[in-house]
Amino acid sequence: MATLQCFRGLQVHGAMVLATELVNWRRYASPRQLMAYLGFVPREHSSGPRERRGSIAKAGNTHCRHVLVQSAWAYRLRPKIGPSLALRQQGQSATVTIHAWKAQQRLYTMYHRLALKRGPQIAVVAVARELIGFLWAVMQTLDGPASPNVSPTAA
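Keep in mind that this is a model prediction, so the values were computed, not measured.

Criteria and cut-off values
- All residue numbers refer to positions counted from 1 along the written sequence of the respective chain.
- Reporting of local features is limited, given that this is a predicted model, to residues whose pLDDT is at least 70; pairs of side-chain atoms are given and counted only at 80 or more, and all residues count toward the totals for whole chains, interfaces and linings.
- No hydrogens and no water enter the side-chain calculation; it runs on all heavy atoms of the structure.
- Numbered from the N terminus, helices here are DSSP runs of H or I no shorter than four residues, and strands are runs of E no shorter than two.
- Relative accessible area decides the class of each residue, using a 1.4 Å probe on protein chains only: under 20% of the type maximum gives buried, over 50% gives exposed, and in between gives partly exposed.
- Working rule for contacts: check all heavy atoms of both residues, and any pair within 4.5 Å makes them a contact.
- Only the protein chains shown count as cover for residues, with accessible areas throughout obtained via the Shrake-Rupley method and a probe of 1.4 Å.
- Multiplying 1.5 Å by the helix residue count minus one yields the expected span of that helix.
- Each reported salt bridge corresponds to a side-chain nitrogen of Lys or Arg within 4 Å of a carboxyl oxygen of Asp or Glu.
- Fitted lines through C-alpha atoms serve as axes, helices being fitted only where they are in contact, and the angles separating the N-to-C directions of these axes extend from 0 to 180 degrees.
- Angles below 35 degrees are treated as roughly parallel, those above 145 as roughly antiparallel, those between 65 and 115 as roughly perpendicular, and all remaining angles as oblique.
- Residues were grouped as follows: Ala, Val, Leu, Ile, Met, Phe, Trp, Tyr, Cys and Pro as nonpolar; Asp, Glu, Lys and Arg as charged; and all remaining residues, including Gly, as polar.
- Throughout this description, the term nonpolar core refers to a set of buried Ala, Val, Leu, Ile, Met, Phe, Trp, Tyr and Cys residues connected via side-chain atoms within 4.5 Å.

J.: Would you mind going over the overall build of the chain with me for this structure?
T.: Counting its secondary structure elements, the chain contains 6 helices and 2 strands. Starting at the N terminus, the α and β elements of the chain follow one another as α-α-β-β-α-α-α-α. When the 155 residues of the chain are sorted by exposure, 39% land in the buried category. A sequence separation of at least 24 residues applies to 65% of the contacts in the chain between residues at least 6 apart. Carbon and sulfur atoms provide 56% of the accessible area of the chain, an area that totals close to 8900 Å².

Structure below.
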């Protein structure tokens, strides 16, 4: 859970929802599988050679999707490590904090590029989808059990 909190917008409640709902992050072979489980894939109305893709399917886990969309709003702000985020990142591995910083930079740029073209609500959903990919990658690098670091004393 502490690893998830290294990312901007994910604090105790959001990290707890993701940790309890997704438990074993390694059961997803790719970030796309996780995105599909959470309902962040486009609707499709295809017939024969014609392909039509629509808005997100919303067929997956609603709790996680809600938390991710709410945390994605934090990426509309300029990348920085404030005091509360620095405190949450304290004691975490350098790999995780570097990954979280890359996420801030990339998602900030992505949000502002898409918000100009498509509007802020669509942009934030796209940022949430991309955030899932960053979280999946970090959770794959953890040693030991496939669940987030939850210390026995934290309960």
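There is more to say after this.
J.: Help me out: how do you make sense of helix α5 (residues 94–118) in this one?
T.: Side chains that are three or four residues apart share a direction in an α-helix, a result of its 3.6 residues per turn. In this model, α5 (25 residues) spans 35 Å end to end at C-alpha, consistent with the 36 Å of a helix rising 1.5 Å per residue. Within α5, the full set of buried residues consists of Val-96, Ala-100, Ala-103, Gln-104, Leu-107, Tyr-108, Met-110, Tyr-111 and Leu-114. Downstream of α5 by a residue or two, Gly-119 has a phi angle that is positive, lying close to 105 degrees.

J.: Help me understand the pattern of salt bridges, please; the structure alone is not making it clear to me.
T.: A side chain of one charge can pair with a side chain of the opposite charge if their charged atoms are brought near each other. A full pass over the atoms with the stated rule returns 1 salt bridge. Of the charged contacts, one joins Glu-130 and Arg-106 as a salt bridge, the two residues approaching to 2.5 Å between their closest N and O atoms. Placement of Glu-130 in helix α6 (residues 120–140) and of Arg-106 in helix α5 is noted, with a sequence separation of 24 residues between them. Take Arg-106: its relative accessible area is 47%, and that puts it in the partly exposed class.

J.: Before we go on, may I ask you to explain helix α1 (residues 12–22) in this structure?
T.: If you check which residues of α1 are buried, you get Gly-14, Ala-15, Val-17, Leu-18, Ala-19 and Leu-22. On the buried face of α1, the contacting elements are α2 (31–38), α3 (62–72) and α6. A positive backbone phi angle near 30 degrees is found at Val-23, which sits one or two residues after α1.

J.: Help me understand the environment of Ser-93, please; the structure alone is not making it clear to me.
T.: Mapped onto the fold, Ser-93 is located in the loop between α4 (83–89) and α5. For Ser-93, a relative accessible area of 37% gives the class partly exposed. Sequence separation of Ser-93 and Leu-142 is 49 residues, and the distance between their C-alpha atoms is 9.9 Å.

J.: Which parts of the structure should I look at to understand the packing of α3 against α6?
T.: A pair of packed helices is captured by two measures, namely the crossing angle of their axes and the spacing between those axes. Where α3 contacts α6, the axes come no closer than 8 Å and their chain directions differ by 105 degrees. On the basis of their axis angle, the class for α3 and α6 is roughly perpendicular. Taken together, the residues of α6 that come into contact with α3 (itself represented by Leu-68, Val-69, Ser-71 and Ala-72) are Val-124, Val-127, Ala-128, Leu-131, Ile-132 and Leu-135. Partitioned by chemical class, the residues of the contact of α3 with α6 number 9 nonpolar, 1 polar and no charged.

J.: What is the right way to read the side chain of Gln-5 from this model?
T.: Here Gln-5 is to be found in the segment before α1. On the basis of relative accessible area, Gln-5 is assigned to the buried category, the value being 11%. Discounting chain neighbours no more than four positions away, the residues touching Gln-5 are Leu-10, Gln-11, Val-12, Ala-15, Leu-85 and Arg-88.

J.: I keep staring at the nonpolar core and nothing clicks. Help me out?
T.: Side chains that are nonpolar tend, in soluble globular proteins, to be buried together. One finds Phe-7, Leu-18, Phe-40, Leu-68 and Leu-135 to be the most contacted residues of the largest nonpolar core, which totals 42 residues. Those elements that place two or more of their residues in this core are α1, α2, α3, α5 and α6. Looking at which element gives the most residues to this core, the answer is α6, with 11 residues. Apart from residues lying up to four places away in sequence, Leu-135 is in contact with Leu-4, Phe-7, Leu-10, Leu-18, Trp-25 and Leu-68.

Interpretation in functional terms is not warranted from these geometric data alone.
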